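Observations on chain architecture
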Amino acid sequence: MRFRILGPTQVVLADGREVPVGGPRLRALLALLLLDAGRVVSADRLIDGLYGEHPPRGAANALQSQVSRLRQALPAGHDPVEFHPAGYRLAVDPDDVDAYRFERLAEEGRRALVDGDWPRAAGLLCEALELWRGPALADAIGAAGAPAQAARLDELRLAAIENRVEADLALGAHGTLIAELRELVVAHPLRERLRGQLMRALAALGRPAEALAEFEDARHTLAEQLGVDPSAELAAVHLAVLRGAERGSAEPVLPSQLTTFVGREEELKRVGDLLGERRLVTLTGPGGAGKTRLAIEAAGRVDGEVRFVELAGLADGSDVPQAVLSALGLRDAGLRAPAEPGWQTTDRLVEALAERRLLLVLDNCEHVLVDAAQLAARLLSACPALRVLATSREPLGLAGEALCPLSGLSLPPLGASAPAADDYAAVGLFAQRAADVAPDFTVTPANVEMVLRICRSLDGLPLAIELAAARLRALPVAEVAARLDDRFRLLSTGNRAASPRHRTLRAVVEWSWDLLDDAERQVARRLTVFAGGATLEAAERVCGLPTAEFVDALTGLVDKSFVEMTGGRYRMLETVRAFCAERLAEAGEADQLRRAHTAYFLEFAWTASDHLRCAEQLHWLRRLDAERDNLHAALRRATAAGDASDAAGMVAALSFYWWLRGMRGEGARLAADVLELLGTEAPPGLGEEFALCVYNASLAGSGSLPSLGTQRSVIRSLDRPPRQPFLLYLSGISTGPPSGGAEDVDELMGELRRLVGPDPWINALGAMGSGSALMWSDQRDRARAALATALDGFRGTGDRWGTMITLGALGELAAWQGDPETAGAHMDEAMGLVEALGSAVDQADMLRTRGEIRLRAGDLAGAHEDFTGALFLAQRSGAPEFVASARLGLAQVARVRGDLAAARRFCEEALAGGLTGWYVGEAARAEIVLVLKEITEAEKTGAPPSAGGA
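Residues numbered from 1 in each chain as written. Predicted model: local features only at pLDDT ≥ 70, side-chain atom pairs only at ≥ 80, totals over all residues. Heavy atoms only, no water.

Right, let's talk about a nonpolar patch on the surface for a bit. On the surface, Leu190, Leu226 and Val228 cluster together to form a nonpolar patch covering roughly 230 Å² of accessible area. Checked against the element boundaries, Val228 lands in the loop between α9 (208-225) and α10 (232-242). (Patch = residues over 30% accessible without salt bridge, like charges linked within 9 Å, V, L, I, M, F, W, Y side chains within 5 Å. Areas by Shrake-Rupley, 256 points an atom, 1.4 Å probe, with all protein chains shown as cover. Salt bridge = Lys/Arg side-chain N within 4 Å of Asp/Glu carboxyl O. Helix = DSSP H or I, 4+ residues; strand = E, 2+ residues; numbered from the N terminus.)

Encoded structure:
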């Protein structure tokens, strides 16, 4: 199917037939999904788009209804609308959407225009413009966010028209363009490029008077509407017409390039925009980021004279003015003759450039930074028509300097397919350079993961990627990926024509290392202990330098592009980090820094854990998310080093976080590794930590584990209040509640309160446990009272997770008691909380619960959708009991619909998961076995289906 939003929303089949989509709201929904074709669009964005600032009550359900109608409108077998935890995704190839296809063709046409391939540029741009059938997003223009998208597309359309006209002018089609350009100028009187194109076409046809009249009209319009004069570009066209010859700009003097330019389109546009606004622009970034190539490409797109000055080969900063003089083609003698006493090279440059309109590119300034900055400052202050584009690993530090930082090329998300990955700049560069040495190489489903590993390991750095791709001359891609742990040896040969500092990856980093002072080197090597970056506080605590010295050194590392600072975090590119880690080992500081790192993050983990049961829950979840790599690295290092107390303590501190974030699989693996270190029994003083290791490992069915006995025996074994109260919940779902039901739960909570004293969160947890036990013993009024107490307790502490779990239980209880309205209200609130928490496991649980409520109410379609969503989330999160219960729910829906074969299949698949070894899993298994028996009886007797008893 092809989708059209450049005009009225349309769906067209391969044979040209149009598929009727439905009413305005359905077409608007389709248009909103098409704007992000292939990507997940959140439910909130879709609701905002469809209903504006005042959505109806139950907007989420209304959106589900609209999505269902959209699915029904599309032909059978062509349903691309996918449900995702965060919203919905239209699983279509972006090239099947006219807006995406237009942008791709327009960009290819623009590149062909820049390369001077006029026929190809004209053809591509015409093909792009033919896709338009009317105003963009005509059926969604009232939707939130759509006007801005429509305006962006309209701007791109105008730019494509201008580029197509430019190609036609180059091909000599002046006569056919006059009428079109006059219409365009009337419609867009402030677009100076269109006016200049019309003037050039008129002048080329021998009609200079009309061209000059157009300029006067433009000047009058700009003055009247904007209060400005025509731009320098339009004034240059005017001057050319006056002189009787429409001339192009002076040719830029730039190094020619032997390879294609890949990626950096956003940065290229930013540099172009900055050069139009500012007189000093500096490209900063680490070695190998592609600063020089970007500068050359940007300078090549600038109108006017350009001169390129390579400074990398200079041994002394005093040679910078002479290098500029040479690049300008000027000699020392001749600027003033004879040379006056004291007349310096810089003064001669000022005289030569005083009235000259020029872009001066100063490349590789970092090792002569002071002299390059002084020269740039002098020239810019004395030469008003001069602009400077510099490249350096740190800024020049001048007033008015505009910075454009560069890092790695864009990388695809984890799990990207081969076609999708190839669209990202890092992969595209690797594929092109690999094909240069291995002509048959392409990115395929078989090798895409290896290509992604290479590009990610090298942080998307262009030079490193090119060096890795060159290795495909002798090694298969799998070998290159496997050898990246020794990247400096692997990437040890490169372009022999390049400067020595760019021939190997090690040389690139050593060049920057040599520019650091002693304090900067000390901080740089110590920062390598961090995984995933560090906050300022963490870096200062772990590095262990005095505050003033540390801050100065860190600032210097950022300025010199050795460290990046984004979002308040400091991080190193992996290549720089690997180099500095070698220096850390050479300094003999590795073990000292590992211990400092572990101590800091163990303290951080416990602090965060205490806040996860309070109103600050979401804030601390985000902080833990940001430090996840550091926390897990500290845990793994402590385990590997045999530090049992620290390793077990980290598992204990992270247990509630892992649960809230649905990280059962990873948490179970980490806990199992620590159990191997601890042994089969709790070491002295680590009883609580040992139990939490066992419980976390058991959640993913981690084989044979030590037995801890009942929940009561675990609590009685504690010799102090639990530092991680979530232990109580894990023990309950792992070993089950006391055998005596609610009374034993109350007795057990009494013992716990005597141990820990009054604790609102633990009291709420106990009430929830009592309420659940009362539910299953069919004491529904008492259950509702206990759950209400739990709800008040969790709300009082601010814990959204406890509130959500309790609301789910209350919703289920209300459904049992025949009150669907109250059940729905509880579930709506619970779903809102789980969305705020972002826990896939809990979202699976709530969807399963709501599915059971809908099934009981006879809403089979809604129940099927909820169970399907729960299955998807539970599988992704590694939660076997929810996988099983979701499949059981699907079996129940199939059974009610009379499809006993499907019901049996779902039950048998549910039994195949890891449901043994812990209470909740065993309970789920027992329920599935019971339903299978009921299905068998129904198959024998032909009994009518039912949704199950209360």
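A regular strand carries its side chains on alternate faces of the sheet. With seven of its seven residues buried, strand β10 (residues 386-392) lies for the most part within the structure. Note: strand β7 (residues 280-284) against β10, five bridges, orientation parallel. Paired with Leu280 across the two strands is Val388, which belongs to β10. Of the pairings in the sheet, the one linking strand β9 (residues 358-363) to β10 comprises five bridges and is parallel in character. By the bridge assignment, Leu360 is partnered in β10 with Val388. Taking the sense of rotation as the criterion, the β-α-β connection linking β9, helix α15 (residues 369-382) and β10 turns out right-handed. (Buried < 20%, exposed > 50% of the residue type's maximum accessible area, 1.4 Å probe, protein only. Pairing = 2+ DSSP bridges. Right-handed = clockwise from strand over helix to strand, strands pointing away.)

A word on the confidence of the model for the protein chain. In low-pLDDT regions, the fine details of the predicted coordinates are not to be read closely. Summing up the model confidence of the protein chain, the mean pLDDT is 82 and the portion of residues at 70 or higher is 87%. Confidence scores differ between elements of the protein chain, with helix α21 (residues 487-490) showing the lowest mean pLDDT of 58 and helix α27 (residues 590-611) the highest of 95. Below a pLDDT of 50 lies the segment residues 245-252, which in the model reaches ten contacts outside its immediate sequence neighbourhood of four places, other chains included. Scored below 50 in pLDDT, residues 331-343 makes 16 contacts in the model with residues more than four places away or belonging to other chains. (pLDDT = per-residue confidence, 0-100. Contact = heavy atoms within 4.5 Å.)

Considering the arrangement of structural elements, one finds Arg594 in helix α27. Contacts of Arg594, omitting those with residues within four sequence positions, involve Val529, Arg637, Ala638, Ala641 and Asp643.

A sheet is described by the order of its strands in space; here five strands give the open sequence β8-β9-β10-β7-β11, paired in parallel fashion. Strand pairing shows two members of the sheet lacking a second neighbour, β8 (305-310) and β11 (402-405), which therefore form its edges. When strand polarity is set aside, the average angle formed by the axes of neighbouring strands in this sheet is 15°. Of the strands in this sheet, β7, β9, β10 and β11 touch helix α11 (residues 265-277), which is tilted by about 175° from β11. With respect to the sheet, α15 is in contact with β7, β9 and β10, its orientation differing from that of β10 by roughly 165°. (Axes fitted to C-alpha atoms, helices over the stretch in contact; angles between N-to-C directions.)

Close contact between helix α6 (residues 146-170) and helix α7 (residues 174-187) brings their axes to 10 Å; oriented N to C, the two are set at 155°. Comparing their axes, α7 and α6 come out roughly antiparallel. Remark: the crossing between α6 and α7 carries left-handed chirality. Residues Ile161, Arg164, Val165, Asp168 and Leu169 of α6 form the contact with α7, whose participating residues are His174, Leu177, Glu180, Leu181 and Leu184. Looking at side-chain class alone, the contact of α6 with α7 contains six nonpolar, one polar and three charged residues. (Parallel < 35°, antiparallel > 145°, perpendicular 65-115°, else oblique. Left-handed = near helix turned anticlockwise from the far one by under 90°. Nonpolar A, V, L, I, M, F, W, Y, C, P; charged D, E, K, R; others polar.)

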